[in-house]
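Fold and contact review
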Amino acid sequence: MELHQLRCFVAVAEELHFGRAAQRLFMTQPPLSRQIQMLEHALGVELLERSSRQVHLTAVGSSFLRDARQILAFSQQAALSAQRVASGEAGRITLGFTAVSAYSMIPALLVQAGVRLPEVELVLREMVSVAQMEALVTGMIDVGFMRQVVSRHALCHELVHREKLLVALPMGHALARRKQIALRDLDQLPFVMYTQSEGRYFYDCIAGMFASHGVTPRYVQHVGQTHTLLGLVRAGLGAAIVPESARELHMGRVQFRPLQEAAAHAELYLCWRVDNDNPALPAFRALVGEFFAGQR
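Summary of the structure given here. Each chain has its residues counted from 1, following the order in which its sequence is written. It should be noted that, the model being predicted, local features are given only for residues of pLDDT at least 70 and side-chain atom pairs only at 80 or more, the latter also being counted only at that level, while totals for whole chains, interfaces and linings use all residues. Calculated side-chain values reflect all of the structure's heavy atoms, with hydrogen atoms and water omitted.

Turning next to the overall build of the protein chain. Secondary structure elements follow DSSP: runs of H or I of four or more residues count as helices, runs of E of two or more count as strands, with numbering from the N terminus. Helix and strand counts for the protein chain stand at nine helices and 11 strands. For this measure, only C-alpha atoms enter the radius of gyration; the expected value for a globule follows 2.2 Å times N^0.38, where N is the number of residues. Against the globule reference of 19 Å for 296 residues, the protein chain gives a C-alpha radius of gyration of 32 Å, more extended than a compact globule. Considered along the principal axes of its C-alpha atoms, the protein chain spans approximately 105 × 40 × 30 Å. Counting the 296 residues in the protein chain, one finds 42% classified as buried. Two residues qualify as a contact provided that any one of their heavy atoms is within 4.5 Å of a heavy atom in the partner residue. Taking as baseline every contact in the protein chain between residues at least 6 positions apart, the subset at least 24 positions apart corresponds to 73%. With 29 positive and 26 negative side-chain charges, the protein chain shows a spacing of 7 Å between the two charge centroids. Each residue's exposure class comes from its accessible area (1.4 Å probe, protein chains only) as a fraction of the maximum for that residue type: buried when under 20%, exposed when over 50%, partly exposed otherwise. The charge count includes Lys and Arg as positive and Asp and Glu as negative, but it does not include His or the ends of the chains. One atom stands in for each charge, and that atom is NZ of Lys, CZ of Arg, CG of Asp or CD of Glu.

This is the structure we're talking about:
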């Protein structure tokens, strides 16, 4: 049983006339009749009652007509689905991201993807940048948003976003009276810092700024996640430096002030494997580029 035979049968069953069905299918009557005969032979049943003037469906033919229409509709849908996947309009993307990027960027991006790429399923995997690099190499994720990238021949990356670094202060802190805070203002003050393991990117960035400006804060705690760090700031343990997206946590009794140094910012990269042949990846990358371009 072939799809072409089913199309021939449905046409005859709906027209109840071989001549009109042949015209509808852009073919002549003899090959159309042969296709119906071959279908009946394959099924071992009689689908049509033929006379010199009329064509009627048998009881079996009426029942088979419903199934034939469903099979043809399903085959058409399968072809369209395959074409959408091949064009990147449908499929599945496994996306790695860091915790800080989830505060505002990831939810907003998912909303945009739902509008622009409704047939692409996004599967989220939260992990630190180092873990994302390994997940990309092993194929566990298709693409990752990460703060820190290491040049590897198998991976590509592009800078998609920069955000300011802010000083987070407990409510009522003396420095909160200023509109901007210089790094030197934090010298010898109690300071809550990221760890070198979980918060390696921000640790290196902040420690590098302190070293280049000759600033030595008094570290009171080291933690890995921004929300934990802000909790310690709120408790009054000290000041901290965090990315601007940390505002989205809406941590009460914490005040944010911009750094005076213009170069104080955090970077976010989109990274993927060079040989990733997921058809949905180019469309997703294009969406990411437009998303961040709209935020500038």
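What follows deals with a nonpolar patch on the surface. On the surface, a cluster of nonpolar side chains totalling about 450 Å² of accessible area is made up of Met1, Leu3, Leu43, Val45, Val60 and Ile71. Mapped onto the secondary structure, valine 60 falls in helix α4 (residues 59–87). Take valine 60: its relative accessible area is 42%, and that puts it in the partly exposed class. To count toward a patch, a residue needs a relative accessible area above 30% and no salt bridge. Like charges then connect within 9 Å, nonpolar side chains (Val, Leu, Ile, Met, Phe, Trp, Tyr) within 5 Å. Surface accessibility in these figures is a Shrake-Rupley result with a 1.4 Å probe; residues are shielded only by whichever protein chains are displayed. Think of a salt bridge as a Lys or Arg side-chain nitrogen and an Asp or Glu carboxyl oxygen that are within 4 Å of each other.

The subject of this paragraph is the packing of aromatic side chains. Only the six-membered ring of Trp is used, alongside the rings of Phe and Tyr, when aromatic pairs are assigned; centres must lie within 6.5 Å, and planes under 30 degrees apart are stacked while those over 60 apart are edge-to-face, with the rest tilted. The final tally for this structure, using the stated rule, is seven aromatic pairs. Pairing phenylalanine 145 with phenylalanine 292 gives two aromatic rings, centres 6.1 Å apart and planes at 65°, and the pair type is edge-to-face. Taken together, the residues phenylalanine 145 in strand β5 (residues 143–146) and phenylalanine 292 in helix α9 (residues 280–293) connect sequence positions 147 residues apart. Note on phenylalanine 145: relative accessible area 0%, which makes it buried. Aromatic pair tyrosine 194 and phenylalanine 202: ring centres 5.1 Å apart, planes at 25°, arrangement stacked.

With that settled, the discussion passes to the side chain of glutamine 35. Turning to its location among the elements, glutamine 35 is positioned in helix α3 (residues 29–43). Leave out the neighbours within four places in its chain, and glutamine 35 touches His4, Gln5 and Cys8.

Along the polypeptide, leucine 159 turns up in strand β6 (residues 155–170). The exposure class of leucine 159 is partly exposed, given its relative accessible area of 34%. Sequence separation of leucine 159 and leucine 6 is 153 residues, and the distance between their C-alpha atoms is 53 Å. Excluding residues that lie within four positions of it along the chain, leucine 159 makes contacts with Glu267, Leu268 and Tyr269.

Attention now moves to unusual backbone geometry. You will see that glutamine 188, though not glycine, has its phi angle at about 70°, which is positive. By the element assignment, glutamine 188 lies in the loop between β6 and β7 (190–194). A positive phi angle is found at histidine 250, which is not glycine, with a value near 50°. Here histidine 250 shows up in the loop between β9 (240–243) and β10 (254–258). On the basis of relative accessible area, histidine 250 is assigned to the exposed category, the value being 67%.

For the structure on display, the rule yields 11 salt bridges. Note that glutamate 15 is salt-bridged to arginine 24, the shortest N-O span being 3.2 Å. Between arginine 273 and aspartate 275 there is a salt bridge; the shortest N-O distance is 2.7 Å. By sharing partners, the salt bridges in this structure join Glu14, Glu15, Arg20, Arg24 and Arg69 into a single network.

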